[in-house]
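Structural description and commentary
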Amino acid sequence: MSKVRLCFAKEGVASYISHLDLLRTFQRVFIRAGMVIRHSAGFHPHPMMSFVLPLSVGQTSVCELLDFETEEEIDCAALPARLAPCLPLGVRALECHVPERPVRELQYLQALVSMEYDGGVPSGTAEAVRRLLLGEQVVVEKRNKRKQIVDVDIRPMIHTVETEERERFLLLRTVVQAQNPGVNPALLAAAVSRHLPERAPDFIRVHRERLLDGDGSVFR
Amino acid sequence: MDQKLARILPKVQKPARYVGGEYNAVIKDKAAVDFRVAFCFPDTYEIGMSNLGMRILYGVMNNMEGVWCERVFAPWGDMEAALREEHIPLYALESGDRVRDFDIVAFSVGYEMAYPAILNMLELSGIPLHSADRGGLAPIVIAGGTAMYNAEPLADFIDLACIGEGEEELVELLTLCRRAKAEGWDKGRLLREACHIEGIYVPSLYEVRYHEDGTVAAITPKDGAPERVRKRIVQDMDSAHFPVKSIVPSTEIVHDRVTLELFRGCIRGCRFCQAGYVYRPVRCRSKEKLAEYGAAACADSGYQEMTLSSLSTSDYPDLVELCDALEDYCGPHHVTLSLPSLRADNFSMALTERMAKGRKAGLTFAPEAGTQRLRDAINKNLTEKDLMESLTRAFSNGWSAVKLYYMLGLPTETDEDIIGIAEMADHVVHCWREHASNKARGVRITVSTSWFVPKPFTAFQWEPQISREEYERRVKLLREHMTARAVTYNWHDGDTSFLEAVLARGDRRLGRVLERAFEKGAHLDAWQDYFDLGRWLKAFDECGLDPAFYANRERGREEIFPWSVISCGVGDEYLWRERERCYASQTTPDCRTRCSGCGANKMVGGTCDV
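Residues numbered from 1 in each chain as written. Chains lettered and ligands numbered in written order. Predicted model: local features only at pLDDT ≥ 70, side-chain atom pairs only at ≥ 80, totals over all residues. Heavy atoms only, no water.

With respect to the environment of B:A16
- Within the fold, B:A16 resides in the loop between helix 1 (3-8) and strand 1 (35-41).
- When sequence neighbours within four positions are dropped, the list of residues in contact with B:A16 reads A:Y16, A:I17 and B:T251. (Helix = DSSP H or I, 4+ residues; strand = E, 2+ residues; numbered from the N terminus. Contact = heavy atoms within 4.5 Å.)

Given below as structure tokens:
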């Protein structure tokens, strides 16, 4: 029996696969690869697998982690190549290892938020955005557990923000808190649209780059 | 991916339906193929990807070297609106290329209510709707599937229809089309040549004249087109393509499992059932092949659910042996095997229990009619005694949910037959009270009725559909007699069934009505979310046609049917005889007991595989 942590990328068309659908997809991927995933005991056994940090539909990532347990010992180094022919387009198995650190040690997420402006980036936007996101308070709308829309301040969850201006888009490279509570990097763009309406982007994309621990080292 | 598309996908429901990239989707090198097929399903991704025919033919066409077959589905309303607003033409899932640039645009049509979606998909693709307005050699718009046994309502729009099973027919058609493309034929020549492929029907090569009363006076072939187009079948199921490597959607679909097709055709001969007649003669796959395919398909796909498919699973000759062989794989691999379309008899119940392995999901039976007299008249070979014996066994073994399906408006139906449905439901409740192993769990009995729709190529193709008022009266009558509290009664919406009855036996004049209704907004009419009968009635009015003429009129023995050019292998003389036996409440034995001479055996050299 092995506990395994798989690091994978979810890009392109695969970014539209929802969290639950991806779980189902991975169950089938493992069967295709001839692996037997350990199931929980009980009347309705469910496979022992979980995504470390679920990704929103439409966002891309090169640092997704999936924890699972197999019935037999498996060769971690060989796993990415074994899974490759079994995966849908856009999902790539990058690396696999026996997890040494518990998920609670994951603290930060480094992501790239690309804010697209079809008419070109309004001048001064980079600075205004930095000032907003690194200011006193960053209030955005969020749906709470009772499905009510409430205002929350996400400023405490924003660790760093760097900007890079291109012709038709502004890149935000940000490090945000990943969990307890975490913040979806898309909310940074939402904050811009709300507080700097004249600088609201026409479209945003979010791409996860790295998961980090409390010391800023890569969490794996 | 197209940037405009990337912007609309986050805004629509279930965007995974619109991007492709699934496991086993076929990607070919565009430079290495010379012929492209856009295989369109006029319903949503979830429905289309569940269709076995689509999976088979996708494999067959992609097995042809130089041909690339891709999939296209109807967008849901939100996606359609976004595509229109952004002026994004309909595209194929594999390459993302525009449908209008393909050589063939092929529709799989299983259901009349999908007709508006065909027009909508053509329009979204930027392809002229009318065959006559598409002068070039590409795209050729074709249609196949069960609904095409009467392709007349689509006659103005499609260039040709493939009648019957497509495995061989499509390969021959594609080969001809590639030759036409290579040699630079014009479209007229291609169609004149195509009509000589067995099973290919080219509506524009037939001229239809009508009597003053609106019935068909004559259908005259032109340019050497055949008098009769006989459906195409696969002779040997064991050599027919089985989609072992099949696309596994990355999002949930309706039938998300391995489907193992046991046999085609049906030995039963229920008189209302179009599938039962048009899929004749019976042809079986061998149990060895099936066991091999089932295991291979599960291993390749990673599915942990498999279902056996056919019109009547209990009639597969080697069913027990097959289940044994499949169990050898399914057990250790945790694959659940389900057996739908079982008959209510002891043998089937024993099998159901074995497969269920403790899980007691609901049982479903389709008595179709409430009295033995009417069941005899429609040749539905199920007795109340068999049903009650099966249920006694089921209830005493812990089952507690039963669904029963019936039709209202069957020929010769009387109020006694309708009340018989309620009585049968009462007997089921009583049976549960007598035999339930655990009464504390309660029982759920669901009775559902639909409104009978007479279809072409059945013994009831001459029959009127009962009127709307009469249907509603019968529903009300049944509701009044359905008194048991444990029974839930559902009845089918009348609007859809009425229109289905109109389109099923329509002629090509309905093309104008279809187009008008489409212009008024009929797009995804197979869905209650979008269907509106009012649009259709207005369209009929504007075209000066009466829907009741098609749905509610009894047709005479001598009448020429709009679909009479087509032959499904079962002759009209036989169907008429079956109709007369219905009125005499006489049953016809199943094909295994005695051949009743329907004529389908001629398609397989005289002997059916019963």
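Let's talk about the pattern of salt bridges
- With the rule as written, the count across this model stands at 66 salt bridges over all chains.
- The salt bridge partner of A:R166 is A:E164, with a shortest N-O separation of 2.5 Å.
- Accessibility expressed as a relative area gives 39% for A:R166, which makes it partly exposed.
- Note on A:E164: relative accessible area 35%, which makes it partly exposed.
- Put simply, B:R84 and B:E80 hold a salt bridge, and the shortest N to O gap is 2.9 Å. Of this pair, B:R84 and B:E80 both sit in helix 4 (residues 77-85), four residues apart, roughly one helical turn.
- Residue classification places B:R84 among the partly exposed residues on the basis of a relative accessible area of 31%. (Salt bridge = Lys/Arg side-chain N within 4 Å of Asp/Glu carboxyl O. Buried < 20%, exposed > 50% of the residue type's maximum accessible area, 1.4 Å probe, protein only.)

Here's the deal with the packing of aromatic side chains
- This model, assessed by the stated rule, comprises 19 aromatic pairs over all chains.
- Seen from their ring centres, B:Y45 and B:F73 are 5.2 Å apart, and the 75° between their planes marks the pair as edge-to-face. Of this pair, B:Y45 sits in helix 2 (residues 45-48) while B:F73 sits in strand 2 (residues 67-73); the two residues are 28 residues apart in sequence, bridging distant segments of the chain.
- Looking at B:Y45, the relative accessible area reads 2%, which means it is buried.
- Look at B:F73 and you get buried, because its relative accessible area is 7%.
- Ring geometry for B:F549 and B:Y550: centres 5.0 Å apart, planes at 90°, overall edge-to-face. With respect to burial, B:F549 and B:Y550 carry one shared label: buried.
- Among the aromatic residues, those joined into a cluster by ring pairs are A:F8, A:F26, A:F30, A:F51 and A:F68.
- In this structure, A:R32 is placed above the aromatic ring of B:Y23, and the distance from its NZ or CZ to the ring centre is 3.7 Å. (Phe/Tyr/Trp six-rings, centres within 6.5 Å; stacked < 30°, edge-to-face > 60°. Lys NZ or Arg CZ within 6 Å of the ring centre and 35° of its normal.)

Things to note about the sheet that holds strand 2 of chain B
Residues and elements named next belong to chain B.
- Read from one edge to the other, the open sheet built from six strands follows the order 2-1-3-4-5-6, with strand pairing classed as mixed. Each edge of the open sheet is held by one strand with a lone partner, namely strand 2 and strand 6 (200-201).
- Bridging between strand 3 (residues 104-108) and strand 4 (residues 140-144) involves five bridges; their strand directions are parallel. Bridge pairing links A106 to I142 in strand 4.
- Packed onto the sheet, helix 5 (residues 115-125) meets strand 1, strand 2, strand 3 and strand 4 and runs at close to 155° relative to strand 3. (Pairing = 2+ DSSP bridges. Axes fitted to C-alpha atoms, helices over the stretch in contact; angles between N-to-C directions.)

Some thoughts on the interface of chain B and chain A
- At the junction of the two partners, chain B supplies 24 residues and chain A supplies 21 residues.
- Together, the buried faces of chain B and chain A total about 1900 Å²; carbon and sulfur atoms form 53% of this surface.
- Of all residues in chain B, B:R7, B:Y23 and B:S250 bury the most surface against chain A, accounting for 32% of the area lost on that side.
- Linking chain B to chain A there are four salt bridges.
- The interface formed by chain B and chain A includes eight residue pairs in polar contact (both at pLDDT 80 or more). (Buried area = accessible area lost by both parts, 1.4 Å probe. Polar contact = N/O pair within 3.5 Å; in protein donor to acceptor, adjacent residues only side chain to side chain.)

Topic: the domain arrangement of chain A
All names here are of chain A.
- Per the domain assignment, the segments of chain A are domain 1 (2-100) and domain 2 (104-213).
- Taken together, the contact pairs 13 residues of domain 1 with 10 residues of domain 2.
- Between domain 1 and domain 2, the buried area comes to about 970 Å², and carbon and sulfur atoms account for 54% of it.
- Considering only the side of domain 1, the residues that lose the most area to domain 2 are L53, Q59 and C63, jointly responsible for 56% of the buried surface there.
- Here domain 1 and domain 2 share one salt bridge between them. (Domains from an automatic or database assignment.)

Describing the nonpolar core
- Core analysis: the biggest nonpolar cluster contains 182 residues, and B:F107, B:M148, B:L173 and B:W536 have the highest contact counts within it.
- Broken down by element, this core gets its largest block of residues, nine residues, from helix 14 (residues 415-435) of chain B.
- Discounting residues that sit within four places of it in the chain, B:M148 has contacts with B:V109, B:Y115, B:A143, B:L154, B:I158 and B:I163.
- Counting residues in hydrophobic clusters, the runner-up holds 37 residues, among them A:L53, A:L65, A:V113 and A:L188. (Core = buried A, V, L, I, M, F, W, Y, C linked by side-chain atoms within 4.5 Å.)

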